[in-house]
Amino acid sequence: MGVYVIAGLGNPKKEYENTRHNIGFAVIDMLADRHGIRMNEAKHKGLIGKGFINGEKVILVKPLTFMNLSGECIREVVDYYKVDAKENLIVLHDDISLEPGVVRIRKKGSAGGHNGLKNIILHLGHDQFQRVKIGVGEKPEGYDLADYVLGHFSKQEKELMNQVAEEVCDAVEVMMKDGPDAAMNRFNSKSKRG
């Protein structure tokens, strides 16, 4: 099977914690906690933790390059560990085209306007990697997009996003164990409303 690289996208620095754009980081932290993995190595332009999820070797990654250069870090990690990005890379990221809390698993696809994904595709030279999109909702009328994705969750949203982060951890475990199709069947159909 080889090693899995699971990368959550976000921005480093304290002021970005708990923002919409950093949901990928939040899920990586939760996965690390869940599986006793310490995120304690700063290298390849990222923060890295190595360990096992259900017997499979994993490298958890939080790129520290800022969102728009995420690909620099991810390319270095997959090259260094000789990981087949088409099979064993899973990227977790926010998605404003999905309702808050909706999870969508994809086996490949375009960046869809997400600058972090654009940069990963640029550096890998293809878009054939698995990703989990985490809905954070459309920006409200009159908001600047950057202000919205860098905005903090309300208390209510935060509770929802915590549940979603748990669900994304479950989804990643299923993707690793049973493959993306099984995970898509289980997690893609649910809407959070009603």
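Structure shown above.
First things first, this report covers the structure right here in the doc. (Residues numbered from 1 in each chain as written. Predicted model: local features only at pLDDT ≥ 70, side-chain atom pairs only at ≥ 80, totals over all residues. Heavy atoms only, no water.)

Points about the pairing of strand β3 (residues 46-53)
A regular strand places its side chains on the two faces of the sheet in alternate fashion. As paired elements, strand β2 (residues 41-43) and β3 share three bridges and run antiparallel to each other. Opposite Ala-42, over in β3, you have Leu-47 as the bridge partner. Here β2 folds back onto β3, and the loop between the two strands holds two residues, one of which, His-44, carries a positive phi near 55°. (Pairing = 2+ DSSP bridges. Helix = DSSP H or I, 4+ residues; strand = E, 2+ residues; numbered from the N terminus.)

Brief notes about the packing of aromatic side chains
Applying the stated criterion to the full structure yields three aromatic pairs. Taking 6.1 Å as the distance between ring centres and 85° as the angle between the ring planes, the aromatic pair formed by Tyr-16 and Phe-66 counts as edge-to-face. Residue Tyr-16 is located in the loop between β1 (4-8) and α1 (23-34), and its partner Phe-66 is located in the loop between β4 (56-63) and α2 (70-80); the two are separated by 50 residues in the primary sequence. With 4.8 Å between their ring centres and 80° between their planes, Tyr-80 and Tyr-81 make a pair best called edge-to-face. (Phe/Tyr/Trp six-rings, centres within 6.5 Å; stacked < 30°, edge-to-face > 60°.)

Considering the sheet that holds β3
Strand order in this open sheet of seven strands is β2-β3-β4-β1-β5-β7-β6, and the pairing throughout is mixed. Each edge of the open sheet is held by one strand with a lone partner, namely β2 and β6 (103-106). Ignoring strand direction, the axes of neighbouring strands in this sheet form an average angle of 25°. Relative to β4, β3 runs antiparallel, the two sharing eight bridges. Residue Gly-49 lies in a different strand from β4, and its bridge partner there is Leu-60. (Axes fitted to C-alpha atoms, helices over the stretch in contact; angles between N-to-C directions.)

Regarding the pattern of salt bridges
Counted according to the given criterion, the structure contains 15 salt bridges. A salt bridge links Glu-72 to Lys-45, with the nearest nitrogen and oxygen atoms 3.3 Å apart. Of this pair, Glu-72 sits in helix α2 while Lys-45 sits in the loop between β2 and β3, and the two are 27 residues apart along the sequence. According to the relative accessible area criterion, Glu-72 is partly exposed, its value standing at 23%. The partly exposed category is assigned to Lys-45, whose relative accessible area is 41%. The residue Asp-79 makes a salt bridge to Arg-75 at a minimum N-O spacing of 2.9 Å. Here Arg-75 and Asp-79 lie together in helix α2, a separation of four residues that amounts to about one turn. Connected through shared salt-bridge partners, Arg-34, Glu-166, Asp-170 and Glu-173 make up one network. (Salt bridge = Lys/Arg side-chain N within 4 Å of Asp/Glu carboxyl O. Buried < 20%, exposed > 50% of the residue type's maximum accessible area, 1.4 Å probe, protein only.)

What to know about helix α7 (residues 180-187)
Burial in α7 covers these residues: Pro-180, Ala-183 and Phe-187. One side of α7 holds all its buried residues, which, seen down the axis, span an arc of 60°. Those residues of α7 that are buried are in contact with β6, β7 (130-135) and α6 (155-178). (Arc of directions from axis to C-beta. Contact = heavy atoms within 4.5 Å.)

Considering α2
Buried within α2 are the following residues: Ser-70, Gly-71, Cys-73, Ile-74, Val-77 and Val-78. Axial view of α2: buried residues confined to an arc of 160°, hence all on one face. Elements that come into contact with the buried residues of α2 comprise β1, β3, β4, β5 (89-95) and α4 (115-124). Phi turns positive one or two residues past the end of α2, at Lys-82, with a value near 50°.

Structural notes on the environment of Pro-12
One can find Pro-12 in the loop between β1 and α1. Separated by 13 residues in the primary sequence, Pro-12 and Phe-25 have C-alpha atoms spaced 9.0 Å apart. Once residues lying within four places of it in the same chain are set aside, the contact partners of Pro-12 are Phe-25, Leu-64 and Phe-66.

Structural notes on the nonpolar core
Membership of the largest hydrophobic core comes to 33 residues, with the highest contact counts inside it found for Ile-6, Leu-60, Ile-90, Leu-92, Val-132, Ile-134 and Val-168. Every element with two or more residues in this core is listed here: β1, α1, β4, β5, β6, β7, α6 and α7. In terms of residue count, the dominant contributor to this core is α6 (10 residues). The residues contacting Leu-92, other than those within four sequence positions of it, are Ile-6, Ala-7, Gly-8, Leu-9, Gly-24, Val-27, Ile-28, Val-132, Ile-134, Val-168 and Val-172. Grouped together as the second largest cluster of nonpolar side chains are 23 residues, Val-3, Ile-48, Tyr-81 and Leu-117 included. (Core = buried A, V, L, I, M, F, W, Y, C linked by side-chain atoms within 4.5 Å.)

Note that all results are geometric; they support no functional claim without further evidence.
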